[in-house]
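# Residue-level structure breakdown
Now for the letters of each chain:
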Number of protein chains: 4
Amino acid sequence: MAMVCLSDFEAYAKKYLPKIAWDYFAAGADDCTTRDENILAYKRIRFRPRMLRDVSVMDIRTKILGSEISFPVGIAPTGFHQLAWPDGEKSTARAARAMNICYIASTYSTCTLEEISAAAPGGLRWFQLYIHRNRAASQQLVRQAEALGFQALVLTADLPYTGKRRDDVRNGFRLPPHMKVKNLERAFEVCKMSLLDPSVTWNDIYWLRSLTRLPIIIKGILTREDAELAVRHGVQGIIVSNHGGRQLDEGPATIDALVEVVEAVRGRVEVYVDGGIRKGSDVLKALALGAKCVFIGRPALWGLAYKGEEGLQDVMRILQDEFRLSMALAGCASVSEVGQHLVQFSKL
Amino acid sequence: MAMVCLSDFEAYAKKYLPKIAWDYFAAGADDCTTRDENILAYKRIRFRPRMLRDVSVMDIRTKILGSEISFPVGIAPTGFHQLAWPDGEKSTARAARAMNICYIASTYSTCTLEEISAAAPGGLRWFQLYIHRNRAASQQLVRQAEALGFQALVLTADLPYTGKRRDDVRNGFRLPPHMKVKNLERAFEVCKMSLLDPSVTWNDIYWLRSLTRLPIIIKGILTREDAELAVRHGVQGIIVSNHGGRQLDEGPATIDALVEVVEAVRGRVEVYVDGGIRKGSDVLKALALGAKCVFIGRPALWGLAYKGEEGLQDVMRILQDEFRLSMALAGCASVSEVGQHLVQFSKL
Amino acid sequence: MAMVCLSDFEAYAKKYLPKIAWDYFAAGADDCTTRDENILAYKRIRFRPRMLRDVSVMDIRTKILGSEISFPVGIAPTGFHQLAWPDGEKSTARAARAMNICYIASTYSTCTLEEISAAAPGGLRWFQLYIHRNRAASQQLVRQAEALGFQALVLTADLPYTGKRRDDVRNGFRLPPHMKVKNLERAFEVCKMSLLDPSVTWNDIYWLRSLTRLPIIIKGILTREDAELAVRHGVQGIIVSNHGGRQLDEGPATIDALVEVVEAVRGRVEVYVDGGIRKGSDVLKALALGAKCVFIGRPALWGLAYKGEEGLQDVMRILQDEFRLSMALAGCASVSEVGQHLVQFSKL
Amino acid sequence: MAMVCLSDFEAYAKKYLPKIAWDYFAAGADDCTTRDENILAYKRIRFRPRMLRDVSVMDIRTKILGSEISFPVGIAPTGFHQLAWPDGEKSTARAARAMNICYIASTYSTCTLEEISAAAPGGLRWFQLYIHRNRAASQQLVRQAEALGFQALVLTADLPYTGKRRDDVRNGFRLPPHMKVKNLERAFEVCKMSLLDPSVTWNDIYWLRSLTRLPIIIKGILTREDAELAVRHGVQGIIVSNHGGRQLDEGPATIDALVEVVEAVRGRVEVYVDGGIRKGSDVLKALALGAKCVFIGRPALWGLAYKGEEGLQDVMRILQDEFRLSMALAGCASVSEVGQHLVQFSKL
């Protein structure tokens, strides 16, 4: 079977992953409305393509927080990569470095931060964290990430409690015994969500700031009000995200929320978006609406499930080719030419 | 089979109830457009969830007409609970008391008001009534309800005649011989809809008021004009309802009508809503749009059909957990923080 | 099988009519978009029902052109009733008289006007006509209709040529040899559409007026411009119609066009509507939007196909009961209380 | 099987063409959203038909760039007609001449321009071209077209690179060995897309102008901005086109883009449109929105696949009859009476 587009990898993963793993990765909260809306919302955006512009030399590189990446797509933080491929996050790290893109390693990795770092020295990596009830544990992870060369911290803001994913409840989902959430093993028992502290507030950004000189990016913002608060509390970036539709169902699609966040931020910090990106032209739409870069979650896991780091590179190369082509067909030769004039919201 | 969400109970009830009973509970008027719209309309409302608010201590209690309930969901008045479970409304009353919620007992109960009261002394209960052609019969029921400790009267306004429910006509629906509408047995023959008086007008509210000191709540209001009339005629509460889509088909979904009723009422009386609530986040949406409490009809019957009072408690506990979680994920630690800022109507 | 609603008759007719006859009656032009839109457009209209109004005495009678009818539904002109039932239009006439409603007999009847008149003396009937190339033939039909006591002429304006109904082309539809378009037999060969004169213009209304003292109603108007022209040329009534979606596909649904026609007419003449009415509440919607009466086409044929005049009466009685009930549930005790306040267009 | 409407030809072609050829003709870019939207967008446009206008004498002729055509439909440039019928573009040319319509011959024809010209001397033909990296080759083609009596040049602007058509990738589509892109054989190797020059800009219009006295029409314009640029660079016509949805997916439907292009052009040059036309009334809609003529791509290929030039004439005659009928039913006797008043955009 030829792997031509991302849905080919999805079909593969659905067919070959154990059902419990597929269900875990695919899960959305409640009725999965928001998970599906993330995708549908892209379909309601129409390009306004421009013709006869010199697109013979295409430059799709961009920078995020000052680091150059080969194109504006990175790997969103998702947990438990060993469920998709034996080498887990080590494969992810290698693929990301090979593609010269940013990989946001999840706290809920099945490899340690050291293993991830050692697997692909020099790769551009950010570390995603939660604030735990035991602040010392969070502090330790932050310091470790900084020491290992992770270049930013991504604080997930939308998980004071875990969303209700019906299939996981039905399946009684838990990690197989031979897999561990290794980053948390040291300080806690494994995989107890109650580790997370639901009392966290904006002031904890100051506490986090006090621990590290790394840029802090906040992930999970969906409203202009919270975007304004994020900027005022000194973050360096915002990831517009609804956790892949796995937390509060029936919130906005991320590409819709992006518009109001970008408007509120007015360029003061970088804005990124994840959720629902399935082809290169989705990336172009997100950039046109103000995102500096997008991150993909499930498609990266499908790539891993297909062939480990090679499979993930296949996914990324397809996205890259599609992104380049859609830029050219829309009349843009470089990312700097992409702007809101390229898109309009469909009346339907 | 794990009971994870309310639709699991629906599937159970559809499978195990006699077809004629399932059809009766499920029935909507005519094309069932409004019955289904009640549910679909919730899907068009999107949350605007807020992040990093301390949601470590959740308080989901509220008060209706001064009585505290464990969370803002009650049991709407539906008839013939013995069709769902042998103990009928006695089980319903026990479950409601166990959950510390409000149960609106229907005139068309298959247990008497005394039996309902005796089954769960001290529970918070309201009594739903119609105004009958024989006013003395209505008066007797009102006095009996008051004497038995029911704490409010709920006057149903939308049933001058019974709606046309095609499946009931096809099935020739009638109660099995061993069940009776016991509350009406004394004064009338059983189950003749012509008992109801279609000449009732707003002035009859004054007559009802003259009979009792109980608060009067009017159920079945769908427009701002009638909401204003209700307030002017001195009711203590309004239930925005379209009778589960069983009366006039193609009226508004109740959650849509709620908006204009709340706007018209301007806080002068409490406003509740029923119809279409299928998960905890629907409750949150109704509260955000101004409802003080919601009432569920069919899902309560599914719970009864599953395991009697235990099953109904299962349904309520799921709703409670989902409601608490959706509040937390939307950034609200108590019901008092819920407001219109939490939601927006989808453009689609 | 119980006949509970109009779609039961549709299912019966589809099952028992010869395919070629069913296809002819069901046919719409081209993609059948307008035929289907006629129905869907009703679904986008929502009631705003009012409560607690005395609906104990219901009066659903109304008058059209001064004649009282039992409720505001009549029989639209459709051709070839013998395809549905051996007695053809004679049965239709009898059913209409029994129900005390108006029957618009079609030029393309399979019975003569004399036969129709003789079948149900004293019934309220209008005669639908086209203007033929041979004006003398039209003149003869007009005079005959007037002599036979038809009380109005309905000039069809939307058929300068016959619409393209794909199924009829595929089936090679033509009348079985034992049926005739008897009204036209005298002056012409049978069933040649080219009888109709595509050069007819508004001035021909004056010519028609010169032939008769009967009121002239124009059928097939869909725009405010043509409504204004109709009034200015002295017609007594307008039927908003798209010929059941059988002529120009992708024009407006009739209930949508009704709104602009009523607005343009400003009460100067009576406005009626046909197309897409399938239940009593559709009638109520049409009246709320300004129609004085509605006419049904295909449902009348389904009734005929079911049991001749009895079947047609069954259809009409169901519509009547549904109309009365929906009026009561919307809070109207008589047709005079029905107004635009009763409805709103859904945003969806 | 009777061929009644264009979709009958589509069904035939799908059934009888080799899968690889069908897939090539049917292909859209990426998710085929735009390909399908081209059709759906027509459905959202509603006619406002006018009645009682003399339509006894219908004149559906029009002129494009001064040449009279029998009705406002031409044949869009599509490649590889031998995939549909052995005689390829020679059959197309003959059918077009027989119908007295305009045929835009594609650079990617499987017959030479000489063969096309010789097959149907005197037919109205335009030549579609790309600007190649080797400008001398483009120049040679332009001069040859001019010498052979082609009456205009159609410069395709929307293909700096070929869109991603997944089925073609999966099928490994390429021409069978016995077919050649004969027009390009002389100067290049066959069928290498990299012949096209992605550095082309608006200034190249001036270069093209310097080579020929033929009118230049630009094809692939979708925005008002590019329409303005086209006029300013001196083209004689614009074809609003998205290449049948084969280039950038999720751009606008062409009939939607037509509106803004016509508005921007303000009558300074002729505007045409292709994409999604499937029946005569679609042509009428395009004309009402300002197109001077429409061009059909895939339906012409289905006609060829059915019976070569005869099949293509069948397709065109059906369109012609449908167009004439829809004009008459909308109340227009000649193309000059068609205007924007005839249509409105559906709110849905």
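These numbers were taken from a predicted model, which means no experiment stands behind them.

Before going further, it helps to spend a moment on helix H9 (residues 203-211) of chain B. Residues and elements named next belong to chain B. For H9, every residue scored as buried is listed here: Asp204, Ile205, Leu208 and Leu211. Down the axis of H9, the sector holding all buried residues measures 110 degrees, keeping them to one side. Opposite the buried face of H9, at more than 90 degrees from it, the exposed residues are Asn203 and Ser210. Residues of H9 that are buried make contact with strand E6 (125-129), helix H6 (135-147), strand E7 (153-156) and strand E8 (216-221).

Residue and element names in this part refer to chain A. In this structure's numbering, the residues bearing the UniProt feature "active site" (unreviewed entry) are His243. Note that His243 resides in the loop between strand E9 (237-240) and helix H11 (254-265). Owing to a relative accessible area of 15%, His243 belongs among the buried residues under this scheme. The residues contacting His243, other than those within four sequence positions of it, are Tyr130, Thr156, Asp158, Leu159, Arg165 and Lys219. At 2.8 Å, the side chain of His243 forms a polar contact with the side chain of Asp158.

This part takes up the pairing of strand E10 (residues 270-274) of chain A. Residues and elements named next belong to chain A. With five of five residues buried, E10 lies mostly within the body of the structure. In E10, alternate side chains face the same way, and those of Glu270, Tyr272 and Asp274 on one face and Val271 and Val273 on the other are all buried. As defined by bridge partners, E9 adjoins E10 across four bridges and the pair is classed as parallel. Its bridge partner lying in E10, Ile239 is registered against Tyr272.

Turning our eyes to something else, we now look at the interface of chain D and chain C. With 32 residues of chain D at the interface, the matching set in chain C holds 38 residues. Of the roughly 3000 Å² buried at the junction of chain D and chain C (both faces included), carbon and sulfur atoms supply 58%. Sorting the residues of chain D by area buried against chain C places Met51, Leu52 and Leu329 of chain D first, and these three jointly supply 25% of that buried surface. Counting across the chain D and chain C interface gives 11 salt bridges. Across the salt bridge formed by Glu322 of chain D and Lys164 of chain C, the nearest N and O atoms sit 2.7 Å from each other. In this assembly, chain D and chain C are joined by 18 residue pairs in polar contact (both at pLDDT 80 or more).

Residues and elements named next belong to chain B. Despite not being glycine, Leu65 shows a phi value in the positive range, around 45 degrees. Its place among the elements puts Leu65 in the loop between strand E2 (62-64) and strand E3 (67-69). You can call Leu65 partly exposed: its relative accessible area is 28%.

The next point concerns the relation of the copies chain D and chain C. Turning chain D through 90 degrees and shifting it by 0.0 Å along the axis lays it on chain C, with an RMSD of 0.0 Å. Overall, the copies show the geometry of a four-fold rotation axis. The two copies present different faces, since only 3% of the interface residues in chain D are matched by interface residues at the equivalent positions in chain C.

Our focus in this paragraph is the pattern of salt bridges. Residues and elements named next belong to chain D. This structure, assessed with the given rule, holds 113 salt bridges over all chains. Arg135 is paired through a salt bridge with Asp204; the nearest N and O atoms lie 2.4 Å apart. Of this pair, Arg135 sits in helix H6 (residues 135-147) while Asp204 sits in helix H9 (residues 203-211), placing them 69 residues apart in sequence. Classification of Arg135 by relative accessible area gives partly exposed; the value is 24%. Taking the relative accessible area as the measure of exposure, Asp204 reaches 11% and is therefore buried. A salt bridge links Arg324 to Asp321, with the nearest nitrogen and oxygen atoms 3.1 Å apart.

Rules used throughout
Residues numbered from 1 in each chain as written. Chains lettered and ligands numbered in written order. Predicted model: local features only at pLDDT ≥ 70, side-chain atom pairs only at ≥ 80, totals over all residues. Heavy atoms only, no water. Buried < 20%, exposed > 50% of the residue type's maximum accessible area, 1.4 Å probe, protein only. Helix = DSSP H or I, 4+ residues; strand = E, 2+ residues; numbered from the N terminus. Arc of directions from axis to C-beta. Contact = heavy atoms within 4.5 Å. UniProt positions renumbered as here; feature names shortened; annotations may be inferred. Polar contact = N/O pair within 3.5 Å; in protein donor to acceptor, adjacent residues only side chain to side chain. Pairing = 2+ DSSP bridges. Buried area = accessible area lost by both parts, 1.4 Å probe. Salt bridge = Lys/Arg side-chain N within 4 Å of Asp/Glu carboxyl O. Least-squares fit on C-alpha atoms with pLDDT ≥ 70 in both.

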